[in-house]
Amino acid sequence: MEYITHTWHWAVAGFLIGMVMLMLNYFGKVFGMSSNLRSLCSMTGIGKKVPFFDWDWKSQRWNLAVVFGAMLGGYVAVHFLSDASNVAINSKTIEQLAAMGIDAPNGKLLPDALFGNQIFHSPKMILILIVGGILIGFGSRYAGGCTSGHAISGMSNLQLPSLKAVIGFFVGGLIMAHFILPLIF
Amino acid sequence: MNYLKYILVGFVFGIVLTKAEAVSWYRIYEMFQFQSFHMYGIIMTAIATGLIGIQIIKRKQLKDIDGNPINIQDKEKGNARYWIGGTLFGLGWAMVGACPGPIFILLGSGFLSVGLILIGAVFGTFLYGVVKDKLPH
């Protein structure tokens, strides 16, 4: 059981993620999570006013099924397959986070400082999560994909546009992690 | 029960991403600080696995589950959309430590506050749909 509850090795995880993508190819589909956000918009009927959302999202219901399965998988993994040894990040990282007032993992996936339920009383934290989400939603649709669609699907199919997008992901991520996050916290 | 196979694939995906901690804000922060190989290892192994699989699919002209040839469309050519859109996405990714897959997975795991990220992400997608014709692609 320890093999399951401990942190999975990156090689095992990477292999399985690659297999997930290939399974979807075998089902005649393409792996990509962010297009579900477009489907969610379209489900509201906004397509009558904004043409971008007037598309055949029902043909993408399979992808919403993938999302549903992923949510169940997350629930099972967090509640039944985890232990206190998890999220053993670099001790230097922990020191840096402590300096910004962010708690150490101690087995948790997410810091309480950013995701604990007390953040609902903090307009600043609510704003951070919503703005982060807006950047993710806007950026992934503008770029035509996210980590799954470009970094995994696109790169493994040797797509130059995906390489550009992934370089962009890291440029943006490095700017945020090194220059903007220290200003926010 | 057409959707069952998709739910199962998603289920595996959710477990793998959670158990490899790719859904963890900490792991994303650590990755962008270059303080661990873990996330880079995951991404590179996934790409390598996919690359080999796609090469096999193409060379052997494999068929999908319905017997149709597997045809993976090329991404549209372009520059601005990938550089600018990619960078904006990266800013958000590092800010809240989650990309679209993990947003859903974490929400399913019971992290309520991640719902705020999802609300933002849906709104961001909506904003793109509204202004898309004014943007360089």
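Placed above this text is the structure.
Residues numbered from 1 in each chain as written. Chains lettered and ligands numbered in written order. Predicted model: local features only at pLDDT ≥ 70, side-chain atom pairs only at ≥ 80, totals over all residues.

### Topic: the overall build of chain A
Looking only at helices and strands, one finds nine helices and zero strands in chain A. When its helices and strands are written in sequence order, chain A yields α-α-α-α-α-α-α-α-α. Referenced to the eigenvectors of the C-alpha coordinate spread, the extents of chain A come out at roughly 45 × 40 × 35 Å. Here chain A holds 185 residues, and 46% of them are scored as buried. Sequence separation of at least 24 residues holds for 46% of the intrachain contacts in chain A that already meet a minimum separation of 6. (Helix = DSSP H or I, 4+ residues; strand = E, 2+ residues; numbered from the N terminus. Buried ≥ 20, exposed ≤ 12 C-beta atoms within 10 Å, placed from the backbone. Contact = placed C-beta atoms within 7 Å.)

### Here we look at the overall build of chain B
Broken down by element type, chain B carries six helices and zero strands. The helix and strand sequence of chain B, counted from the amino end, reads α-α-α-α-α-α. Across its three principal axes, chain B shows a C-alpha extent of roughly 45 × 40 × 35 Å. In chain B, buried positions account for 57% of the 137 residues. Sequence separation of at least 24 residues holds for 42% of the intrachain contacts in chain B that already meet a minimum separation of 6.

### Brief notes about the environment of Phe138(A)
One can find Phe138(A) in helix α7 (residues 123-143). Once the C-alpha coordinates of Phe138(A) and Ser91(A) are considered, the two residues, 47 residues apart in sequence, prove to be 34 Å apart. Apart from residues lying up to four places away in sequence, Phe138(A) is in contact with Leu88(B), Gly124(B), Thr125(B), Leu127(B) and Tyr128(B).

### Brief notes about helix α6 (residues 114-131) of chain B
Here α6(B) is 18 residues long and its end C-alpha atoms lie 26 Å apart, about the 26 Å a rise of 1.5 Å per residue gives. Taken residue by residue, α6(B) has Val114(B), Leu116(B), Ile117(B), Leu118(B), Gly120(B), Ala121(B), Val122(B), Gly124(B), Thr125(B), Phe126(B), Tyr128(B) and Gly129(B) as its buried positions. (Expected span 1.5 Å × (residues − 1).)

### Thoughts on the interface of chain B and chain A
Residue-level contacts link 102 residues of chain B with 107 residues of chain A. Those elements that place two or more of their residues in the side of chain B that touches chain A are α1 (4-19), α2 (25-32), α3 (38-59), α4 (80-96), α5 (100-109) and α6 of chain B.

### Side note on the nonpolar core
Buried together is how nonpolar side chains tend to be arranged in soluble globular proteins. Residues Ala13(A), Ile17(A), Ile42(B), Ala98(B), Ile103(B), Val114(B) and Ile117(B) are the most contacted members of the largest nonpolar core, which totals 90 residues. If we ignore the near neighbours within four places in the chain, the residues touching Val114(B) are Phe115(A), Ala98(B), Ile103(B), Leu106(B) and Leu107(B). (Core = buried A, V, L, I, M, F, W, Y, C linked by C-beta atoms within 7 Å.)

### Some details on α3(B)
Over its 22 residues, α3(B) extends 32 Å from the first C-alpha to the last, a length consistent with the 32 Å expected when each residue adds 1.5 Å. Summarising the contacts, the buried residues of α3(B) are in contact with α2 (10-26) and α8 (147-156) of chain A together with α2 of chain B. Positive phi shows up at Gln61(B), right after α3(B), with a value of about 50°.

### What to know about the packing of helix α3 (residues 35-43) of chain A against α6(B)
The packing of two helices is summarised by the inter-axis angle and the distance between the axes. Between α3(A) and α6(B), the least distance of the axes is 9 Å, while the angle of their chain directions is 80°. The orientation of α3(A) relative to α6(B) falls into the category roughly perpendicular. Facing Leu37(A), Arg38(A), Leu40(A) and Cys41(A) of α3(A), the residues of α6(B) in contact are Ala121(B), Val122(B), Thr125(B), Phe126(B) and Gly129(B). Of the residues that constitute the contact of α3(A) with α6(B), the class distribution is six nonpolar, two polar and one charged. (Axes fitted to C-alpha atoms, helices over the stretch in contact; angles between N-to-C directions. Parallel < 35°, antiparallel > 145°, perpendicular 65-115°, else oblique. Nonpolar A, V, L, I, M, F, W, Y, C, P; charged D, E, K, R; others polar.)

### A word on unusual backbone geometry
Backbone geometry at Val87(A) places phi at a positive 55°, although glycine is not the residue there. Position of Val87(A) among the secondary structure elements: in the loop between α4 (61-80) and α5 (91-99). If you check the backbone angles, Phe34(B) has positive phi at about 55° while not being a glycine. With 11 C-beta atoms counted inside 10 Å, the residue Phe34(B) sits in the exposed group.

### Notes on the environment of Thr93(A)
For Thr93(A), the position within the fold is in helix α5. Expressed as a C-alpha distance, the spacing of Thr93(A) and Met125(A), which sit 32 residues apart in the sequence, is 21 Å. Apart from the residues within four sequence positions on either side, Thr93(A) is in contact with Tyr29(B), Glu30(B), Gln33(B) and Gln35(B).

### Describing the environment of Gly129(B)
Following the sequence through the fold, Gly129(B) ends up in helix α6. Judged by the 22 C-beta atoms lying within 10 Å of it, Gly129(B) falls in the buried class. With residues near it in sequence (within four places) discarded, Gly129(B) still touches Cys41(A), Val50(A), Phe52(A) and Phe53(A).

### Digging into the packing of α7(A) against α4(B)
Viewed as axis vectors pointing N to C, α7(A) and α4(B) meet at an angle of 155°, and their least axial separation amounts to 7 Å. With respect to each other, α7(A) and α4(B) are oriented roughly antiparallel. Here α7(A) runs over α4(B); the crossing is left-handed. Residues Ile128(A), Leu129(A), Gly132(A), Gly133(A), Leu135(A), Ile136(A), Phe138(A), Gly139(A), Ser140(A), Tyr142(A) and Ala143(A) of α7(A) pack against Arg81(B), Tyr82(B), Ile84(B), Gly85(B), Gly86(B), Leu88(B), Phe89(B), Leu91(B), Gly92(B), Trp93(B), Met95(B) and Val96(B) of α4(B). Across the contact of α7(A) with α4(B), the residue classes tally to 15 nonpolar, seven polar and one charged. (Left-handed = near helix turned anticlockwise from the far one by under 90°.)

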